[in-house]
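Given next are the chains, with one letter for each unit.
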Amino acid sequence: MDILSTFLRTCVITFLALSLLHLGRNPYIRKDVGWRLLVTGLGLVTFGSLVDLLGKLDFFSDTWLYSSRSVSDFFEEIIGYFMGMLCVMLAILRFIPTVWRLWSMEGELLNERN
């Protein structure tokens, strides 16, 4: 059951990351503040989730990444999840002023229209 939940989590995160990459083909979106941080963060979280999923499968236990549990934990927890979530958090903090500005400009336009 643990492998199934890890597989589903990896699929959802990978789908989100690939959707953002596809959405990033629009040049107006890519120029927004924090976009690269968001894509990088979700990419790192996807990497951490893939390392976690592959670590639960037995036929990858002979590779250098899984030969020592501390090495795989470092890549999964520190590089993948921690750095990924840090990038996502910074991206959201950079998005908040932009979203607030757009929301207030929309309100001003609606007031001028009425």
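Residues numbered from 1 in each chain as written. Predicted model: local features only at pLDDT ≥ 70, side-chain atom pairs only at ≥ 80, totals over all residues. Heavy atoms only, no water.

Enquirer: Is there a simple way to explain the overall build of the protein in this structure?
Expert: Helix and strand content of the protein: five helices and zero strands. Listed N to C, the secondary structure of the protein is α-α-α-α-α in terms of helices and strands. The buried share of the protein, reckoned over its 114 residues, is 26%. For the protein, contacts bridging at least 24 residues in sequence account for 71% of all contacts bridging at least 6. Looking at the protein as shown, the accessible area adds up to about 8,300 Å², and 70% of this sits on carbon and sulfur atoms. (Helix = DSSP H or I, 4+ residues; strand = E, 2+ residues; numbered from the N terminus. Buried < 20%, exposed > 50% of the residue type's maximum accessible area, 1.4 Å probe, protein only. Contact = heavy atoms within 4.5 Å. Areas by Shrake-Rupley, 256 points an atom, 1.4 Å probe, with all protein chains shown as cover.)

Enquirer: Before we go on, may I ask you to explain the packing of aromatic side chains in this structure?
Expert: In this description, an aromatic ring pair is defined by two values, namely the gap between the centres and the angle between the planes. Summed over all chains, the structure comprises three aromatic pairs. Judged by centre distance (6.4 Å) and plane angle (75°), the rings of phenylalanine 47 and phenylalanine 75 are edge-to-face. Note that phenylalanine 47 is positioned in helix α3 (residues 35-56) and phenylalanine 75 in helix α5 (residues 69-113), a separation of 28 residues in sequence. Using a relative accessible area of 24% as the deciding quantity, one classes phenylalanine 75 as partly exposed. (Phe/Tyr/Trp six-rings, centres within 6.5 Å; stacked < 30°, edge-to-face > 60°.)

Enquirer: Explanation requested: the confidence of the model for the protein in the structure shown.
Expert: Close inspection of predicted coordinates is inappropriate in any region flagged by low pLDDT. Here the protein shows a mean pLDDT of 84. Residues at 70 or above account for 89%. Looking over the protein, one finds the lowest element-wise mean pLDDT in helix α4 (residues 64-67), namely 64, and the highest in helix α1 (residues 2-23), namely 90. (pLDDT = per-residue confidence, 0-100.)

Enquirer: I tried to follow the pattern of salt bridges on my own but got confused; where do I start?
Expert: Between side chains of opposite charge, pairing is possible as soon as their charged atoms come close. For the coordinates displayed, the defined rule picks out one salt bridge. Here arginine 9 makes a salt bridge to aspartate 52, at a shortest N to O gap of 2.6 Å. In this pair, arginine 9 is assigned in helix α1 and aspartate 52 in helix α3, connecting sequence segments 43 residues apart. (Salt bridge = Lys/Arg side-chain N within 4 Å of Asp/Glu carboxyl O.)

Enquirer: When you look at the side chain of aspartate 52 in this model, what are you seeing that I'm missing?
Expert: Among the residues examined, aspartate 52 registers a relative accessible area of 9% and is labelled buried. Engagement of the side chain of aspartate 52 in a polar contact is seen with the side chain of arginine 9, the distance being 2.6 Å. The residues contacting aspartate 52, other than those within four sequence positions of it, are Thr6, Arg9, Glu76 and Tyr81. (Polar contact = N/O pair within 3.5 Å; in protein donor to acceptor, adjacent residues only side chain to side chain.)

Enquirer: Looking at this structure, how should I read the packing of α1 against α3?
Expert: For any two helices packed against each other, one specifies the crossing angle of their axes together with the interaxial distance. The N-to-C vectors of α1 and α3 enclose an angle of 155°; their axes lie 9 Å apart at closest approach. Taken together, the axis directions place α1 and α3 in an arrangement best described as roughly antiparallel. Relative to α3, the crossing made by α1 is left-handed. (Axes fitted to C-alpha atoms, helices over the stretch in contact; angles between N-to-C directions. Parallel < 35°, antiparallel > 145°, perpendicular 65-115°, else oblique. Left-handed = near helix turned anticlockwise from the far one by under 90°.)

Enquirer: Help me understand α3 in this model?
Expert: Under the 1.5 Å per step criterion, the end-to-end length of α3 is 32 Å for 22 residues, consistent within 8% with the ideal 32 Å. Within α3, the full set of buried residues consists of Trp35, Leu38, Gly41, Leu42, Val45, Thr46, Gly48, Ser49, Val51, Asp52 and Leu53. (Expected span 1.5 Å × (residues − 1).)

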